[in-house]
Amino acid sequence: VQLQASGGGLVQSGDSLRVTCAASGPTVSSYAVGWFRQAPGKERDVASAISWSGQNTYYAGSLAGRFTISRDNAKNTVYLQMNSLKPEDTAVYYCAASRTWYGYRWKDIRDMDYWGKGTLVTVSS
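Fair warning: this is a prediction, and the values are worked out from it, not measured in the lab.

### As for the overall build of the protein
Okay, so step 1: A count of helical and extended segments in the protein gives zero helices and 11 strands.
Okay, so step 2: In the protein, the order of α-helices and β-strands from amino to carboxyl end is β-β-β-β-β-β-β-β-β-β-β.
Okay, so step 3: With respect to the three principal axes, the spread of C-alpha positions in the protein is 40 × 25 × 25 Å.
Okay, so step 4: Sorting the 125 residues of the protein into buried and exposed places 43% on the buried side.

What follows is the structure, given as structure tokens:
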């Protein structure tokens, strides 16, 4: 499975941005996909995740009201729509795939089966 994140950029506080994860591989639609983010000087943490069917989603902390994860298995693509962006959302955003859906344990997940290169999101105040 190969993953490629794109769509990052420089935006202002309050703006919206959608990052995209393009996946390739024979069984990629059967994987859960997570969006992780790493802010400068901080550890990489999960922001959101979606099950292979799209029926289950996870959001970290208060992100559920601002971020929306979705996937289109026909296009092998996972999206993260980010609204009302704040300077603290500034980070490199990575997508990653896992054969396992971790449910409530996503907040503690650090290892995934496959990782893509990240895309930088910078939110100016």
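### Focus: the pairing of strand β4 (residues 32-38)
Okay, so step 1: Of all seven residues making up β4, six are buried, and the element is well covered by its neighbours.
Okay, so step 2: Where β4 and strand β9 (residues 91-98) come together, seven bridges link them in antiparallel fashion. Within β9, the position partnered with F36 by the bridge is Y94.
Okay, so step 3: With six bridges connecting them, β4 and strand β5 (residues 44-50) associate as antiparallel partners. Bridge pairing in β5 links G34 to A49.
Okay, so step 4: Hairpin connection from β4 to β5: five residues lie between these consecutive antiparallel strands, with G41 at a positive phi of about 75 degrees.

### Things to note about the pattern of salt bridges
Okay, so step 1: Counted under the stated rule, the structure contains five salt bridges.
Okay, so step 2: One salt bridge connects D45 with R110, and the closest N-O pair in it is separated by 3.1 Å. Taken together, the residues D45 in strand β5 and R110 in the loop between β9 and β10 (114-115) connect sequence positions 65 residues apart.
Okay, so step 3: Looking at D45, the relative accessible area reads 33%, which means it is partly exposed.
Okay, so step 4: R66 is paired through a salt bridge with D89; the nearest N and O atoms lie 2.7 Å apart. Taken together, the residues R66 in the loop between β6 (57-59) and β7 (67-72) and D89 in the loop between β8 (77-82) and β9 connect sequence positions 23 residues apart. Note on accessibility: R66 and D89 belong to one class, buried.
Okay, so step 5: Salt bridges sharing partners connect three or more residues here, namely R37, R66 and D89.

### Some thoughts on the nonpolar core
Okay, so step 1: Of all hydrophobic cores here, the largest spans 39 residues; its most connected members are W35, F67, L80, M82, Y93 and W106.
Okay, so step 2: Per-element tally for this core: the top contributor is β9, with five residues.
Okay, so step 3: When residues no more than four places from it in sequence are discounted, the contact partners of W106 are A32, F36, V46, A49, Y58, T100, W101 and M112.

### Details of unusual backbone geometry
Okay, so step 1: Even without glycine at this site, N76 takes up a positive phi of about 50 degrees.
Okay, so step 2: Following the sequence through the fold, N76 ends up in the loop between β7 and β8.
Okay, so step 3: According to the relative accessible area criterion, N76 is partly exposed, its value standing at 26%.

### As for the packing of aromatic side chains
Okay, so step 1: The full count for this structure, using the stated rule, is five aromatic pairs.
Okay, so step 2: With centroids separated by 6.5 Å and ring planes inclined at 85 degrees, the aromatic side chains of Y94 and W115 adopt a geometry described as edge-to-face. Separated by 21 residues along the polypeptide, Y94 in strand β9 and W115 in strand β10 bring together distant segments of the chain.
Okay, so step 3: The buried category is assigned to Y94, whose relative accessible area is 17%.
Okay, so step 4: One aromatic cluster is present, formed by F36, Y94 and W115 through successive ring pairs.

Quick notes on the rules
Residues numbered from 1 in each chain as written. Predicted model: local features only at pLDDT ≥ 70, side-chain atom pairs only at ≥ 80, totals over all residues. Heavy atoms only, no water. Helix = DSSP H or I, 4+ residues; strand = E, 2+ residues; numbered from the N terminus. Buried < 20%, exposed > 50% of the residue type's maximum accessible area, 1.4 Å probe, protein only. Pairing = 2+ DSSP bridges. Salt bridge = Lys/Arg side-chain N within 4 Å of Asp/Glu carboxyl O. Core = buried A, V, L, I, M, F, W, Y, C linked by side-chain atoms within 4.5 Å. Contact = heavy atoms within 4.5 Å. Phe/Tyr/Trp six-rings, centres within 6.5 Å; stacked < 30°, edge-to-face > 60°.

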